[in-house]
Amino acid sequence: MGIKMRSRSAHAGAAMLAALSLSSCHHDVPPPEQEAPAGSPSVAFMSDVHFANVYGDFKSARFAGIPTQKGRNATIRTMYAQLTSTRLFNENYFAFRAALDDAYAKGVRLVALPGDYSDDAQPINVNGLADILHEYQAKGMRFFLAPGNHDPNEPHDDEEAGKNDFLTQEGKEQKVYAPGNAACIANDPSVVCTQELMEQGYEKLLATLGDFGFMPNKADLYWETPFSQYKDGGYSHEEAVLQAELKNRQFEMCAEGEGGSYKAAGEAALGKAYTRCSNIIDSSYLVEPVPGLWLLSIDANVFIPNGKFDPANPKASKGFDGAGNAGWNKVLTHKKHLMDWIKSVAERARAQGKHLMAFSHYPTMDFYANQTDAMKAVFKPGAFQTARVPEAATTAALASTGLRLHIGGHMHFNGTNDYQDAAGHFLVNVQSPSLAVYGAAYKLVTYTDKETVDVRTIGLDSVARHDELFPLYQAEYDYLRGSTASGDVAKRWNRAILDTRSYGEFTRYYFGELSRLRFMDEYWPCEMKEAATSLDAKQMLILSQLRTQVTLAQLEEAPGIVPLSAACAAKGTTSAAAVPASQLSADWAEATTKADKLASAAGLKLDDFAKISAYEFHGDFHRTVYAGELALRDMGAERVSQYKVLMGAFPASPEEILEIGGKPSDQNAVHVLFQRQFKQVFAIFKGLGSAKPSGHFTIDFKGQKVSNAEDSALSFN
């Protein structure tokens, strides 16, 4: 790896200095500045693996999965389940191995997994993951995990969990639940019951995955938790093992905020007592695996006691809200000890010349290229999970700790953002994309010197065995096509996905189907969905130039010109001055001439815009939401140029939309809704594709800037 390892005895002084400043009572006098190494080993960050053990054993005589030609049974979810989820359940098994093989071949020996490394912390999946990590660990890799909201789903065991959609040999869905599920207790014959599908809490997870950062390793030069207190500043592996015991890694969580030593101040600020309090494990840790490199694994899961919390049974899973939307916003109020600890770690790293890489499951700042407010204004309430975006005050608080680099996951999004404040703090958040979605990739992060970090995004277009399960999906496809049950008809998917020839092509197609089957209904208002699923890019460009008095209500009288309707509009009163519907033909011809000039001015042909079908357009939009710069690379230069023409084609001030009872009126002219709404859609599209560099880039902490390391990166700018 190009890094000369110091002996443990040579490093003892540095380790002792680290221990001296471990907690607030131990670092009144900061240790002296030390000379940092010129660089440090690369660390691969693989987020949101969502590992599902596709050849795992349910240990049930009733359902062993689907026999395969390789002699193993496949225990997999249906293709429909995948195509309507924001994560794959099956093929990412192969993608994870491919990523590990690729990193190993590049000489990378340190791998961090920022949460959601399992499907839902079930034994079948967690044990399978541990097997793979041990396999690669035996080859010389080290793994460092941080928990996500899927591992665990709740702080304590859930004996009622399960899934409805495992695939059978006949192509049907099979329910598989944990024994505590009501259906299992009632002996429902349609349900398979197995302990392999219960969802584990912290205790079981740390017991199984302790070798991967959660517990100290003899090879580590240093290791601590937020609660560690090494006596007299002396660090030893033996003492670290004692500090790592779960009884020493708990804090008091209350409904209103963190308890313990923080309770009095919190109660005073709220003017009321804290309620529903119980102890919860915090699995955070700091580790120095090689000289000079500190990896800070932050457990930013915040499981808040809810109205179902029972003090007599504090470990009941239903007593806590999930952590998915909480993130760093709730860390500030419910895990205050973490903020104090992060500040301490950042101060010590700076004083001792350590290269600090912090990672957690959750983003520390706006991950939508600062487009969040616009997305909230344009799309349906809750669309694109904008509730998960950290508040500005949260980002400011994190930056004030002195933390400079954070790698996050959670959103399955590839992106970068940074934050600067008047006090000189500079925090960069690198979003590591998921291996289980379109744009599958991992981040390779390297300190080239104490003030510079190089970040490379390693895409996974080619994955060995990516199509290994495809023959099993054929049975599902055949069953759905042969069934006339309405529920089955609604679940039909496009078989062409089974003809894809690479993992990159497969995930691109998957996101097109995810867009069609889920996102368009879930995120887009009715009239916007109609336009986005009906218009190709040529028609969009013409519509951006259209000026007409023909209304939506008149479109039935002028068929075959523009594929829109008044289906989503409220019926209004026709104006006495209405023009005949036949006028639309002439107005459309005039708009076509204008659109042709716009295309020609950019060196493009108007007819070529028609190659971007409606399906391709909304697929491209959603792919860019998730993959950022990687999506533009996939589109290619010509399509990026076509979208740039559209982004600049709309009028500066589109006409206001007439509404009736909160719905658009059918008396709006044909062009009004599209121009008003899609000007905003394309502005968001542009923002998402013109964000901070997210492919190969460098971070300059001294100059406080993020810069592209490659001139070839495509952008909508």
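Residues numbered from 1 in each chain as written. Predicted model: local features only at pLDDT ≥ 70, side-chain atom pairs only at ≥ 80, totals over all residues. Heavy atoms only, no water.

A. The sheet that holds strand β7 (residues 173-177), seen in detail. Across the sheet, 3 strands lie side by side as β6-β7-β8; this open sheet has mixed pairing. One side of each edge strand has no neighbouring strand; the edge strands of this open sheet are β6 (162-167) and β8 (191-193). On average, adjacent strands in this sheet sit at an angle of 35° to one another, irrespective of strand direction. Note: β7 against β8, 3 bridges, orientation parallel. In the strand pairing of β8, Y177 is matched with C193. (Pairing = 2+ DSSP bridges. Helix = DSSP H or I, 4+ residues; strand = E, 2+ residues; numbered from the N terminus. Axes fitted to C-alpha atoms, helices over the stretch in contact; angles between N-to-C directions.)

B. Summary view of the pattern of salt bridges. Under the counting rule described, the total for this entry stands at 39 salt bridges. When the shortest N-O distance is used, the salt bridge between R87 and D119 registers 3.1 Å. With a gap of 32 residues between them, R87 in the loop between α2 (79-83) and α3 (92-105) and D119 in the loop between β4 (110-114) and α4 (123-137) connect regions that are remote in the sequence. Here R87 and D119 have matching classes, each one buried. Among the ionic pairs, K594 bridges to E590, the shortest N-O distance being 4.0 Å. Separated by 4 residues within a single helix, K594 and E590 lie in helix α18 (residues 583-601), roughly one turn from each other. (Salt bridge = Lys/Arg side-chain N within 4 Å of Asp/Glu carboxyl O. Buried < 20%, exposed > 50% of the residue type's maximum accessible area, 1.4 Å probe, protein only.)

C. Quick peek at the packing of helix α9 (residues 327-334) against helix α10 (residues 336-352). At their nearest, the axes of α9 and α10 sit 5 Å apart, and the two run at 95° to each other. As the angle between them shows, α9 and α10 are arranged roughly perpendicular. Across the interface between the two elements, W328, V331, L332, T333 and H334 from α9 touch K336, L338, M339 and I342 from α10. (Parallel < 35°, antiparallel > 145°, perpendicular 65-115°, else oblique. Contact = heavy atoms within 4.5 Å.)

D. Quick peek at the nonpolar core. Grouped together as the largest cluster of nonpolar side chains are 199 residues, with contacts concentrated most on M46, F96, F379, W524, F617, F678 and I699. In terms of residue count, helix α15 (residues 503-523) provides more of this core than any other element does, 9 residues in total. Excluding anything up to four places from it in sequence, M46 contacts F96, A99, L100, A103, V111, A112, L113, P114, S432, L435 and Y442. Formed by 7 residues, the second largest nonpolar core is a distinct cluster that contains F166, V176, V192 and L197. (Core = buried A, V, L, I, M, F, W, Y, C linked by side-chain atoms within 4.5 Å.)

E. Up close: the environment of K204. Summarising the element assignment, K204 is placed in helix α6 (residues 202-214). Look at K204 and you get partly exposed, because its relative accessible area is 37%. Residues K204 and V389, 185 residues apart in the sequence, show an inter-C-alpha distance of 30 Å.

F. Geometry of the pairing of β4. With 5 of its 5 residues buried, β4 lies for the most part within the structure. Covered by surrounding structure in β4 are L110, A112 and P114 together with V111 and L113, the residues of both alternating faces. Alignment of β4 against strand β5 (residues 142-146), held across 5 bridges, turns out to be parallel. Note on β5: the bridge partner recorded for L113 is L145.

G. Examining the confidence of the model for the protein chain more closely. Of the residues in the protein chain, 95% have a pLDDT of 70 or more, and the chain-wide mean is 93. Confidence over residues 1-36 falls short of pLDDT 50; this stretch has 75 contacts with residues more than four positions distant or in other chains. (pLDDT = per-residue confidence, 0-100.)

H. Seen up close, the state of the cysteines. According to the stated counting rule, one finds 3 disulfides in the structure shown. A disulfide bridge connects C184 with C193, and the sulfur atoms are separated by 2.0 Å. Its S-S torsion of about -105° marks the bond between C184 and C193 as left-handed, since a negative value means left-handed. We classify C184 as buried; its relative accessible area is 9%. Owing to a relative accessible area of 32%, C193 belongs among the partly exposed residues under this scheme. Here C526 pairs with C568 through a disulfide, and the sulfurs are 1.9 Å apart. Taking the sign of the S-S torsion, about -65° here, the bridge from C526 to C568 comes out left-handed. Taken together, the residues span a long stretch of sequence, with C526 in helix α16 (residues 526-532) and C568 in the loop between α17 (537-545) and α18 at a distance of 42 residues. For C526, a relative accessible area of 42% corresponds to the partly exposed category. (Disulfide = S-S within 2.5 Å.)

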